[in-house]
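Breakdown of the fold
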Amino acid sequence: MSHPIKPRLNVAALRILIAAACLSLASCGGNHSALNPAGPQSERIGNLWWLLFTVSVIVFVLVVAFMLYGAYRSRRRNNAATDENAERRMARAVSIAVAVTVVTLFGLLVASVLTGRAISPPPSGDFLTIKITGHQWWWEVEYEDPVASQRVTTANEIHIPTGQTVMLKLTSHDVIHSFWVPSLHGKKDLIPDHEIITTIQADAPGTFRGQCAEFCGHQHAHMAFFIIAEPPDQFQAWLENQRKPSVQPADQLQARGQQVFLTKSCVLCHTIQGTPAGAHVGPNLTHVASRQTIAAGTIPFAHDSLARWVVDSQSVKPGNRMPQNMLSPEELQALLAYLESLK
Amino acid sequence: MNVESATVTTDDVRAREERERAILERTWASPPGLWGWLTTTNHKSIARRYIITAFIFFLLGGIEAAVIRLQLSRPENRILGPDLYDQFFSMHGTTMMFLFAVPIMEALGLYFVPLMIGTRNVALPRLNAFGYYVYLIGGVMIYVAFILNIGVDTGWFSYVPLSGPQYSPGKRVDFWAQMITFTEIAAIVGGIEIIVTAFKQRVPGMSLNRIPIYVWAMIITSFMVLFAMPAVMLSSSMLATDRLISTHFFNPAEGGDPMLWQHLFWFFGHPEVYIIFIPATGLVSTMLPSFTRRPTFGYLALVLSLVATGFIGFGLWVHHMFATDVPQLGQSFFTAASMMIAIPSGIQIFCWLASLWSGKVRFATPMLFILGFIALFVLGGLTGVMLAAVPLDLQVHDTFFVVAHFHYVLIGGAVFPLFGAFYYWFPKWTGRMLSERVGKWNFWLLFIGFNLTFFPMHQLGLQGMPRRVYTYQEGTGWANLNALASIGAVIIATSVVIFIANVLWSCRNGLAAGNNPWESDTLEWDTQSPPPPYNFVFPPTVNSRTPMWTRTADTPVVTGLRSECREVLLTNPLDAEPDRRYEMPGPSIWPLMLALGVGVTFIVVIFTPWGIPIGGTLCAIALIGWFWSGNRPEPNLPGQTREPLEDEL
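Residues numbered from 1 in each chain as written. Chains lettered and ligands numbered in written order. Predicted model: local features only at pLDDT ≥ 70, side-chain atom pairs only at ≥ 80, totals over all residues. Heavy atoms only, no water.

With that out of the way, let us pick up the packing of helix α4 (residues 82–116) of chain B against helix α6 (residues 172–200) of chain B. The relative placement of two packed helices is expressed as an angle between their axes plus a distance between the axes. Residue and element names in this part refer to chain B. Two elements in contact, α4 and α6, have axes whose closest approach is 9 Å; the angle formed by their N-to-C orientations is 15 degrees. In terms of orientation, α4 lies roughly parallel with respect to α6. The chirality of how α4 crosses α6 is left-handed. Looking at the contact of α4 with α6, its residues break down into 13 nonpolar, seven polar and five charged. (Axes fitted to C-alpha atoms, helices over the stretch in contact; angles between N-to-C directions. Helix = DSSP H or I, 4+ residues; strand = E, 2+ residues; numbered from the N terminus. Parallel < 35°, antiparallel > 145°, perpendicular 65-115°, else oblique. Left-handed = near helix turned anticlockwise from the far one by under 90°. Nonpolar A, V, L, I, M, F, W, Y, C, P; charged D, E, K, R; others polar.)

Residue and element names in this part refer to chain B. By the element assignment, Asn121 lies in the loop between α4 and α5 (125–147). As for Asn121 and Ile276, which are separated by 155 residues in sequence, their C-alpha atoms are 24 Å apart. Setting aside chain neighbours within four positions, we find Asn121 in contact with Trp28, Thr41, Asn42, His43, Pro114, Thr197, Gln201, Asn535, Val568 and Met584. There is a polar contact of 3.1 Å between the side chain of Asn121 and the backbone oxygen of Thr41. (Contact = heavy atoms within 4.5 Å. Polar contact = N/O pair within 3.5 Å; in protein donor to acceptor, adjacent residues only side chain to side chain.)

Moving on: the nonpolar core. Ranked by internal contacts, the top residues of the largest apolar core, which has 276 residues, are Phe179(A), Trp176(B) and Trp425(B). With residues up to four places along the chain from it excluded, the contact list for Phe179(A) reads Ile132(A), Trp139(A), Ile158(A), Leu168(A), Leu170(A), Gly186(A), Lys187(A), Lys188(A), Leu190(A), Phe225(A) and Ile227(A). Formed by 25 residues, the second largest nonpolar core is a distinct cluster that contains Ile294(A), Leu306(A), Val316(A) and Leu335(A). (Core = buried A, V, L, I, M, F, W, Y, C linked by side-chain atoms within 4.5 Å. Buried < 20%, exposed > 50% of the residue type's maximum accessible area, 1.4 Å probe, protein only.)

Moving on: the side chain of His270(A). Residue and element names in this part refer to chain A. Residue placement: His270 occurs in the loop between α5 (252–263) and β11 (293–294). There is a polar contact of 2.8 Å between the side chain of His270 and the backbone oxygen of Pro283. Apart from the residues within four sequence positions on either side, His270 is in contact with Phe261, Ala277, Gly278, Ala279, Gly282, Pro283, Leu285 and Met322.

Let us now look at α4(B). All names here are of chain B. Relative to the 51 Å expected for 35 residues at 1.5 Å per residue, α4 spans 48 Å between its end C-alpha atoms, a close match to the ideal helical length. The largest bend along α4 reaches roughly 35 degrees and is located at Thr95. Most of α4 is tucked away: 33 of the 35 residues are buried. Downstream of α4 by a residue or two, Gly118 has a phi angle that is positive, lying close to 75 degrees. (Expected span 1.5 Å × (residues − 1). Bend = angle between axes of the 7 residues up to and from the residue.)

Residue and element names in this part refer to chain A. Taken together, the five strands give an open sheet; going across it, the order is β3-β2-β1-β5-β8, and neighbouring strands pair in mixed fashion. Looking at which strands have only one partner, the edges of the open sheet turn out to be β3 (152–155) and β8 (196–200). When strand polarity is set aside, the average angle formed by the axes of neighbouring strands in this sheet is 25 degrees. The strands touched by helix α4 (residues 232–243) are β1 (128–135), β2 (138–143) and β3; relative to β3, the strand with the most contacts, the crossing angle is about 100 degrees. (Pairing = 2+ DSSP bridges.)

Residues and elements named next belong to chain A. Within β8, four of the five residues are buried, leaving the element largely enclosed by the surrounding structure. For strand β5 (residues 166–172) and β8, the ladder comprises five bridges, and the chain directions are antiparallel. Considered in β8, the bridge of Val166 is made with Ile200.

Looking now at the packing of helix α8 (residues 258–292) of chain B against helix α11 (residues 342–358) of chain B. All names here are of chain B. Direction vectors running N to C along α8 and α11 enclose 15 degrees, while the axes themselves pass 10 Å from each other. The orientation of α8 with respect to α11, classified from their angle, is roughly parallel. In terms of crossing hand, the pair formed by α8 and α11 is left-handed. Facing Phe277, Thr281, Val284, Ser285, Leu288 and Thr292 of α8, the residues of α11 in contact are Ser345, Gln348, Trp352, Ser355 and Leu356.

Here we take up the interface of chain B and chain A. Contact residues are listed per partner, giving 90 residues for chain B and 97 residues for chain A. A combined buried area of about 7,900 Å² lies between chain B and chain A, and 70% of that area is made up of carbon and sulfur atoms. When the area that chain B buries against chain A is broken down by residue, the three leading residues are Trp357(B), Gln395(B) and Leu462(B), summing to 11%. Taken together, the links from chain B to chain A amount to one salt bridge. (Buried area = accessible area lost by both parts, 1.4 Å probe. Salt bridge = Lys/Arg side-chain N within 4 Å of Asp/Glu carboxyl O.)

In this model, Gln136(A) is joined to Trp137(A) through a cis peptide bond whose omega is 0 degrees. Looking at the secondary structure, you find Trp137(A) in the loop between β1 and β2. In this structure, the amide linkage connecting Val160(B) to the following residue, Pro161(B), adopts the cis form with an omega of 0 degrees. Along the chain, Pro161(B) falls in the loop between α5 and α6. In this model, Leu124(B) sits at a positive phi of 50 degrees, which is unusual for a non-glycine residue. Within the secondary structure layout, Leu124(B) lies in the loop between α4 and α5. Judged by its relative accessible area of 38%, Leu124(B) is partly exposed.

All right, on to the environment of Met223(A) then. All names here are of chain A. Here Met223 shows up in the loop between β9 (206–211) and β10 (224–230). We classify Met223 as buried; its relative accessible area is 0%. Distance from Met223 to Gln136, taken between C-alpha atoms, is 8.2 Å for residues 87 residues apart in sequence. With near-sequence residues (within four places) excluded, Met223 lies in contact with His135, Trp137, Trp138, Trp139, His177, Gln211, Cys212, Cys216 and Ala296.

A few words on the packing of aromatic side chains. The way to describe two aromatic rings as a pair is by their centre distance and the angle between their planes. Residue and element names in this part refer to chain B. Counted under the stated rule, the structure contains 85 aromatic pairs over all chains. Between Phe416 and Phe443 the ring centres are 6.1 Å apart and the planes differ by 90 degrees, which places this aromatic pair in the edge-to-face class. With Phe416 in helix α14 (residues 400–430) and Phe443 in helix α15 (residues 436–462), this pair connects stretches of sequence that are 27 residues apart. On the basis of relative accessible area, Phe443 is assigned to the buried category, the value being 2%. One cation-aromatic arrangement involves Arg468 over Phe157; the distance from NZ or CZ to the ring centre is 4.2 Å. One residue, Arg545, lies across the ring of Tyr299, its end atom 3.9 Å from the ring centre. (Phe/Tyr/Trp six-rings, centres within 6.5 Å; stacked < 30°, edge-to-face > 60°. Lys NZ or Arg CZ within 6 Å of the ring centre and 35° of its normal.)

All quantities given are derived from atomic positions and should not be read as evidence of function.
Take a look at the structure:
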């Protein structure tokens, strides 16, 4: 019975090895991969990953090789070799293997603790501080400033300056969410009534995708965000623009749009600074046209998708908190024109 | 006193055996018909129902998994909406953890522990029946809810506040919370059964250092059950009261804390993994001798490893919570503990390799599953070490990497040994062998399908795919690996269908097995296949760890137990010296009645607090009935007393 087994077992082992090799080679995902680090924190974690990966491959190959060879070589004998000498040799081999395991694990523990220290937030310092609040199913982003009027509130897109440590204060408005930008850092949870602090840093300009990583209800799948790392002067310019109140309507259509916004249900949930709209249920729309996506990274900020979102958001992101809005075509076009002007 | 040498002539022995057998058949038979079916307290009947029920839940959980893979096979799939998908993945996790994995492990223990230690029934047989019925009611209840579109949709660990009254209105989570309590009552009952049976009913000679490793594994598992399950029953009950009568254990607005739920849940949830895994390692250690033709290498090391795992398993629950605000020092402690648990697991693996290395390996189907188990479990263990490292865990926690990891540990580490054990013990259950040829197809398809499905998930997680998403967007780059995983799922399903076909076919047409088809070393192979209700005519005594291999014609057997009533021999816990004879209770309807009373209580309170007085009354009636029957005078068959038996010794 054992004859056909051997080659097949070897094929299985080979397959696993090939798969392991693929994993190591194909580790070049997009802009949201833990294997594609873009900041010092994710870089340190990446190094730890490769250390653990290498050790694991070695251990796995050794164990499977011993197992298969052990099973294979026993075919030559007629009986189990259980005399005292053989048992003693086995005991010695097992003891050595256990000792090696213990030493290896200790080494990994040290590596893990050192990495953990390196990536933990520094105790103090003058950092750009951003407060991020999780909502079902979007991210509220608030740039802190000692001067209240200088604070900036936006949603789902977080601009940061490159080469600087940025401190994030994470909390939640409703259920537990988790903030995760694999290219920059590991995840941290957003827990109601708790404030968790973490720091991130991007070394070079770029856009990094992140996504909620703790199951938070029906639209957990569509709760993405973007970190947009820009050179410091560019970031400063962006921040200055965000601090301004919204632009005033430039033409009649936009003015009509603003009127629609303020008289329909929009105003019940959203804020547009510089207008009477000041509710905090949904995302702040003061500079919504400066963002690239809507609905937490679900659809692009473009005329058609915005129209669909405003009128029937439930077909885009079923279960989200935005109601369906009954607007006449004229009202809708005016509203879109107004929203698109909010750079 | 109850042990004698079988040195009389074989004819005498045989004649006496037949006489005894006839009496035992009468004594231990269940009443005929449906009544007998409902009242039986035979551990094999109960365990067999347990195994079949758990396997049906395994199939249901598997169907849910298949639907999940169908939904995720391509980006922006709309076969399921988020509402239905959330119910499917929550039911999948809930089913596999609460209704399949733990129950089937305990069920195997309830079937085989008494046989392996040479006794006639589990201790407390009516409690055993009660445990099964409670489990059945809990499982059926949550599936009825699921069919009625009130299936749980908050995941198998249902974090608050999402599962709290504010964010999960309706009855979905209530059914789930009550189901937890049901199944954990059953689990605790099973644990108590196994501990008492294993410590008090071993045959003479089976001192602590001769207990089969599988029985050791079940003892340690049972102790873990006793300490872990109350934590989750407490938390599920607190959740139920938060939802039903507005307590605020987990409500931050009223001074509660959602982190309390996570600590309580994972204080159960992590040991839970070992509650599933330790019996599986016990299965491997106990099957290996038959397929390496030597006693398992390193008995003491294996047993101590299991004990160590049992202890350390309670010290690493926080590694599920590294992304919360656990302080640095605390993180390091739990990292160290999580890595430390790799040591006992490593010892076990090295001991098994040593058995292979020095044994004469026979590549039967159970052995293939053991080899597959070792490879997959090592891989799952290694990713486990990765997850123990906090910085790396922060990256891959709650992603498909973790999904891959725990399926390697739970399917590779527990389901593979289970399939091996099915092939190994099927002849004992039915008297017929499963087809070896089909078994090899079963193994290879499962092995290949499993790796196709779950290996790519490691990479999906590293590439940023969170778990529990009902779909993913086009540009994420996750489509190909997801499609591959879904193809793998089809192969797994094929393999399971082949297994079922093999079972159905072999039940009728399998080769006759005989008492000990694998030439195994443990006592369950000493009796007929399938075993009679009383297990052994004369329970054998043992003088080594491999009793079936070292017995001789004059190895003593146990006599002197009364055959006309359900009597078992109690021995002392350490050396298994005969202690006293004990009469087991017979069939009773009250375990079922009490389970129904408990069921009414838990289900009605979901809708009205009146459930407590109503259900409490029903339970009180059932309990009165239960203990009343215990005071009936002992059945004394005419013409037979205990004296002659004593004289015989």
